[in-house]
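This is what each chain is made of:
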Amino acid sequence: AKPSVYVTREINKEALAVLADTCEVTFWPGPDPVPRSELLKNIAHKDALLCMLTDKIDAEVLQCAKQLKVIATMSVGYDHLDLKEIKKHEIKVGYTPGILTHATAELTVALLLATSRRLFEANAAARNGGWQAWSPFWMTGPGLEGATVGIAGFGRIGQEVAKRLIPFQIKKLIYFNRSQKPEAESTMGAVRVTFDELLQQSDFLVVCCALTSDTVGMFDKAAFHKMKKTAIFVNTSRGGLVDQDELVKALQEERIAGAGLDVMTPEPLPLDHPLFKLKNCVIMPHIASAAVQTRAGMAMLSVENIVAGLKGEKMPSELTLD
Ligand code: GLV
Ligand code: GLV
């Protein structure tokens with residue numbers, strides 16, 4: 001018999017077809033994430049799981065999944081997977097790094113510019129009568145030219161963001177990262193700094209790091225206090241990296257100039273959340289990888305991870321569980 005796979009969302013037809021070649025496929029067809037109870041029920045006799053970042057895969061899920069050998073998440077982030085538990089069950093894990101780097105970097109730059117140059121605020125003003133006349137100070141915000149750009153987390157995505165910002169004639173590129181990146185230093189002139197230096201020097205601070213037990217809440221009250229009053233803060237990684245209540249306060253008190261967020265806590269952000277009331281905050285609904293061809297590629301890579309994993313072969317993008 002073919003191995004069985006549960007897919008927690010409808011994905012590209014092409015990817016589903018490849019999966020169906022070698023597997024018995026069941027997928028959750030709803031427009032919303034699979035309800036927890038459905039996931040627990042459906043995972044019971046499956047050999048593999050293709051999941052999304054909206055699915056929490058923890059001890060409870062694994063307990064129901066007696067037959068599970070392979071998990072592939074259609075995401076680069078894997079903070080929704082309890083890797084300790086997964087390792088105990090000797091389950092292999094695939095994810096989708098690389099393929100979404102360019103789309104994510106692109107959206108990050110768009111969000112940065114939308115925030116600094118106040119695009120949504122300006123657009124709203126133009127439509128609602130707030131546009132009286134061209135005016136010297138009206139809707140002004142910091143430009144990238146001559147700015148110091150700081151990147152927290154200088155991996156694949158952080159480096160692609162940097163590459164895209166350099167042509168804006170920035171003055172200095174600094175980064176904070178666990179390890180040094182000598183190649184990026186020589187090709188981009190990037191300078192590695194301490195976390196405090198990053199906070200103190202950045203005109204634009206872009207968060208591109210993974211959410212782990214080391215990075216959770218790293219942008220806390222002390223961090224926002226160290227930043228420039230004129231700084232623009234951009235996060236396209238995970239909301240958990242930020243103490244969000246402190247970010248709200250920093251924005252309300254104008255201790256920083258603005259924030260552009262593609263990720264927050266929780267998601268979706270409740271409509272009455274104070275972040276939505278702030279003019280100096282631009283909020284995107286977690287769409288950084290949402291380029292059409294990127295999502296298609298992520299689906300196909302996830303399928304390839306499942307197929308290889310079930311065959312007992314090395315996955316094209318396998319996560320090392322240490
Ligand atoms: C998106 O946030 C991803 O992790 O792929
Ligand atoms: C702006 O429109 C200018 O001409 O400076």
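Analysis parameters
Throughout this document, residue positions are counted from 1 along each chain, in the order its sequence is written. Whichever chain is written first is A, and whichever ligand is written first is 1; the rest continue in order. In view of the model being predicted, local features appear only for residues whose pLDDT reaches at least 70, and side-chain atom pairs are presented and counted only at 80 or more, with totals across whole chains, interfaces and linings using the full set of residues. Put simply, DSSP marks the helices as runs of H or I at least four residues long and the strands as runs of E at least two long, and each gets a number from the N terminus on. Every radius of gyration here is taken over C-alpha atoms, with the globule rule written as 2.2 Å times N^0.38, N being the number of residues. To sort residues by exposure, count the other C-beta atoms lying within 10 Å of each residue's C-beta; 20 or more gives buried, 12 or fewer gives exposed, and values between give partly exposed, all with C-beta atoms placed from the backbone. Note on contacts: each residue gets a C-beta atom placed from the backbone, and two residues are in contact if those atoms are within 7 Å. UniProt positions are given in the numbering used here, feature names are shortened, and annotations may be inferred rather than shown by experiment. Buried Ala, Val, Leu, Ile, Met, Phe, Trp, Tyr and Cys residues whose C-beta atoms connect them within 7 Å together make up a nonpolar core. Start and end positions for the domains come from either an automated domain assignment or a database one. If DSSP finds at least two bridges between two strands, the strands pair. Lines are fitted to the C-alpha atoms to define the axes, a helix being fitted only along its stretch in contact, and any angle between axes, read from their N-to-C directions, falls within 0 to 180 degrees. Note that the term roughly parallel is reserved for angles under 35 degrees, roughly antiparallel for angles over 145, roughly perpendicular for angles of 65 to 115, and oblique for everything else. Each residue receives one of three labels: charged for Asp, Glu, Lys and Arg, nonpolar for Ala, Val, Leu, Ile, Met, Phe, Trp, Tyr, Cys and Pro, and polar for the others, Gly being one of them. Seen with its strands pointing away from the viewer, a crossover is right-handed if its path from the first strand over the helix to the second goes clockwise. Only the C-beta atom matters for nearness: placed from the backbone, it must lie within 6 Å of the molecule or strand for the residue to count as near.

Helices and strands together make up the secondary structure of the chain, namely 12 helices and 12 strands. Since a compact globule built from 322 residues should have a radius of gyration of about 20 Å, the 21 Å found for the chain is in line with a globular shape. Taking the principal axes of its C-alpha atoms as reference, the chain extends roughly 70 × 50 × 35 Å. Each of the 322 residues in the chain was classed as buried or not, and the buried ones make up 42%. Within the chain, counting contacts between residues at least 6 apart in sequence, those at least 24 apart form 63% of the total.

To continue, consider the UniProt feature "domain: D-isomer specific 2-hydroxyacid dehydrogenase NAD-binding" (unreviewed entry) in the chain. Using the residue numbers shown here, the UniProt feature "domain: D-isomer specific 2-hydroxyacid dehydrogenase NAD-binding" (unreviewed entry) corresponds to residues 109-288. The distance from the first to the last C-alpha atom of residues 109-288 is 10 Å, and the span holds 32% helix and 15% strand.

Mapped onto this numbering, the UniProt entry annotates "domain: D-isomer specific 2-hydroxyacid dehydrogenase catalytic" (unreviewed entry) at residues 5-318. Secondary structure across residues 5-318 comprises 36% helix and 14% strand; the distance between its end C-alpha atoms is 17 Å.

I71, V206 and I306 are the most contacted members of the largest nonpolar core, which has 95 residues in total. Each of domain 1 (4-99 + 292-310) and domain 2 (101-283) accounts for three or more of the residues forming this core. The residues touching I71, leaving out its near neighbours within four places in the chain, are L49, C51, I57, L81, I86, I91 and V93.

Here we take up the sheet that holds strand β4 (residues 70-73). In space, the five strands of this open sheet follow the order β2-β1-β3-β4-β5, with parallel pairing throughout. Because the sheet does not close on itself, it has two edges, and the strands there are β2 (24-27) and β5 (92-94). This sheet shows a mean twist of 15° between the axes of neighbouring strands, independent of strand direction. Where strand β1 (residues 4-7) meets strand β3 (residues 48-51), three bridges bridge the pair, whose relative direction is parallel.

To continue, consider the sheet that holds strand β8 (residues 191-192). Spatial strand order, β8-β7-β6-β9-β10-β11-β12: seven strands in an open sheet with parallel pairing. The open sheet has two edge strands with one neighbour each: β8 and β12 (281-283). Direction of pairing for strand β10 (residues 232-235) relative to strand β11 (residues 258-261): parallel, over a ladder of four bridges. Opposite F233, over in β11, you have A259 as the bridge partner. Along the sheet, helix α7 (residues 156-165) contacts β6 (148-152), β7 (172-176) and β9 (204-207); its crossing angle with β6, the most-contacted strand, is approximately 165°.

Contact pair helix α1 (residues 13-22) / helix α12 (residues 292-310): the axes reach a minimum separation of 8 Å and the direction vectors enclose 10°. Here α12 runs roughly parallel to α1, going by the angle between their axes. The residues of α12 that touch α1, namely those facing E14, A15, V18, L19 and T22, are A299, M300, V303, I306 and V307. A class-by-class count of the residues in the contact of α1 with α12 yields eight nonpolar, one polar and one charged.

Here β9 shows a buried face lined by F204 and V206 and a second buried face lined by L205 and V207. Bridge analysis of β6 against β9 gives four bridges, and the strand direction is parallel. Bridging across to β9, G150 finds its partner in L205. Regarding the hand of the β-α-β motif, the stretch spanning β9, helix α10 (residues 221-226) and β10 is right-handed.

The local shell around ligand 1 consists of L53, S75, V76, G77, L100 and S289. A class-by-class count of the residues in the shell around ligand 1 yields three nonpolar, three polar and no charged.

Glancing now at the domain arrangement of the chain. Segmenting the chain into domains produces domain 1 (4-99 + 292-310) and domain 2 (101-283). The straight-line distance from the C-alpha centre of domain 1 to that of domain 2 is 32 Å. Its residues assigned to classes, the side of domain 1 that touches domain 2 comprises one nonpolar, three polar and one charged.

This brings us to the environment of A190. By the secondary structure assignment, A190 is in the loop between α8 (182-188) and β8. In this structure A190 comes out as buried when scored by C-beta crowding, with 25 C-beta atoms within 10 Å. Taking the C-alpha atoms as reference, A190 lies 9.7 Å from I151; in sequence the two are 39 residues apart.

It is worth spelling out the pairing of β2 at this point. Where β1 meets β2, four bridges bridge the pair, whose relative direction is parallel. Across the sheet, residue V7 finds its bridge partner in β2, namely F27. For the crossover that starts at β1, traverses α1 and ends in the parallel β2, the hand is right-handed.

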